[in-house]
Amino acid sequence: ALAQSESGPVEAKSPTITGSPPPAKPAVVLVVNKGYVRVFENFILAPGAATMLRDWDVHLLCTDHAVGPIIEAKTGGAWRCRVEQAVGKGAAETYNARMPYAHSLVRGGRDVLISDLDALWLRDPLKHLRAIDAGIVASRATYPLSTYFKWGASVCMGFVFLRGSDPRVRSAVDVLVTEPVHDDQGEFNQHLLRQVVQWDEGRLSRKSTSTSYGTLMAQNGTYRGLRIAMLADDKFQRACRKESVSKAIVAHCLALQEQGSKEQVLQSLGLWWLPEAKPGAKRVKASSTILASVRAALQSTSVEMERTLHSRASRAHGTTMGPLKRSDRPTVVAKLAGKSHD
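Throughout what follows, the structure given in this document is the object of discussion.

Rules of the game
Residues numbered from 1 in each chain as written. Predicted model: local features only at pLDDT ≥ 70, side-chain atom pairs only at ≥ 80, totals over all residues. Heavy atoms only, no water. Pairing = 2+ DSSP bridges. Helix = DSSP H or I, 4+ residues; strand = E, 2+ residues; numbered from the N terminus. Salt bridge = Lys/Arg side-chain N within 4 Å of Asp/Glu carboxyl O. Expected span 1.5 Å × (residues − 1). Buried < 20%, exposed > 50% of the residue type's maximum accessible area, 1.4 Å probe, protein only. Disulfide = S-S within 2.5 Å.

1. Digging into the sheet that holds strand β14 (residues 250-252)
Line of reasoning, step 1. Pairing is mixed in the open sheet, where three strands are placed in the order β7-β14-β13. Unpaired on one side and paired on the other, β7 (119-121) and β13 (236-237) mark the two borders of the sheet.
Line of reasoning, step 2. Pairing of β7 with β14, which is carried by three bridges, proceeds in the antiparallel orientation. Paired with leucine 120 across the two strands is alanine 251, which belongs to β14.

2. Some points on the pattern of salt bridges
Line of reasoning, step 1. The tally for this structure, following the rule as stated, stands at 12 salt bridges.
Line of reasoning, step 2. The closest approach of N and O atoms between arginine 110 and aspartate 57, which form a salt bridge, is 2.7 Å. A residue pair is termed long-range when its members are at least 10 positions apart, and arginine 110 in the loop between α5 (98-107) and β6 (111-115) and aspartate 57 in strand β4 (residues 57-62) qualify at 53 residues.
Line of reasoning, step 3. Overlapping salt bridges bring together Asp57, Arg82 and Arg110 as one network.

3. As for helix α9 (residues 184-195)
Since one α-helical turn is 3.6 residues long, residues separated by three or four positions face the same way.
Line of reasoning, step 1. Counted at 1.5 Å a residue, the expected span for α9 with its 12 residues is 16 Å, and the 17 Å between its end C-alpha atoms agrees.
Line of reasoning, step 2. Taken together, the buried positions of α9 are Asp184, Gln185, Gly186, Phe188, Asn189, His191, Leu192 and Gln195.
Line of reasoning, step 3. Backbone geometry just after α9 places valine 196 at a positive phi near 70 degrees.

4. A closer look at the state of the cysteines
Line of reasoning, step 1. Summed over all chains, the structure comprises two disulfides.
Line of reasoning, step 2. Note that cysteine 62 is cross-linked by a disulfide to cysteine 81, the S-S spacing being 1.9 Å. Sign of the S-S torsion, about -85 degrees for the bond between cysteine 62 and cysteine 81, identifies this disulfide as left-handed. Within this pair, whereas cysteine 62 is found in strand β4, its partner cysteine 81 is found in the loop between α3 (67-74) and β5 (83-84), the two being separated by 19 residues in sequence.
Line of reasoning, step 3. Looking at cysteine 62, the relative accessible area reads 1%, which means it is buried.
Line of reasoning, step 4. By relative accessible area, cysteine 81 is classed as buried at 14%.

See below:
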């Protein structure tokens, strides 16, 4: 178990998450595998991150057995895995492992933030999240396409806050998180679509600079009326630009294949705090041409584009046309411009 102290996370007894009152600190669930250790190091080295994390009950999930000893060695034992579970090397298996864990915390009345390790905290997100009057609070994405085209944006599971202290959230999470999880973001958004969300502003914008609110119009009275919030994209960024990323609260930057690896893209944006890149890694600059194509793609809401992308993915995988899986994922931009490191 992880708890916070003046020196950072240390070993402590695991809290009882069923039948006990929620602790003062909300929980943050982080997940890491061996391939993401450097991204984890970068996350905790972000300026001010150590101080911000003291306000959270940190749950570090390690999804292969090799990563625990590596992290303990690199941090001098200050960080340890709360759970070690071999789930496979793929990104999808790694991400999906956190959902049942977060589900159990929420059902026990905990307020829980799920944060990808490349969603870098540049300012304290807790103050902002606490000020939002909604049970589910998330940054904006474009995957899955079904919700993106229906609403104008989709819920990003790489930065989502589930307020388990709200009884409606505790009830709704049983419907929104179903096991086994094969595609956390795709399935969560599809469940929201089935339960029907009515957005106050009618249609969302993926690039909105203000928080958007919606209401779950489900027939089930135990969570009908649950409020959902989409965070302002300029404060919780996905398509990051060097000239504006410093103003973000959280920078969760997409990395297109043409731009290089996740590490290289974060370097180009000034968001990499490890002393050196991997041997032979080449620094790259974010291309204005690529950024222009990102903006154009995200603005498009063509139904024909959706059909084209689905057809393209279907041919590539030899399947019939249907919802894109997270392994195909990543976004409208990724499908137009190549694979992404998300």
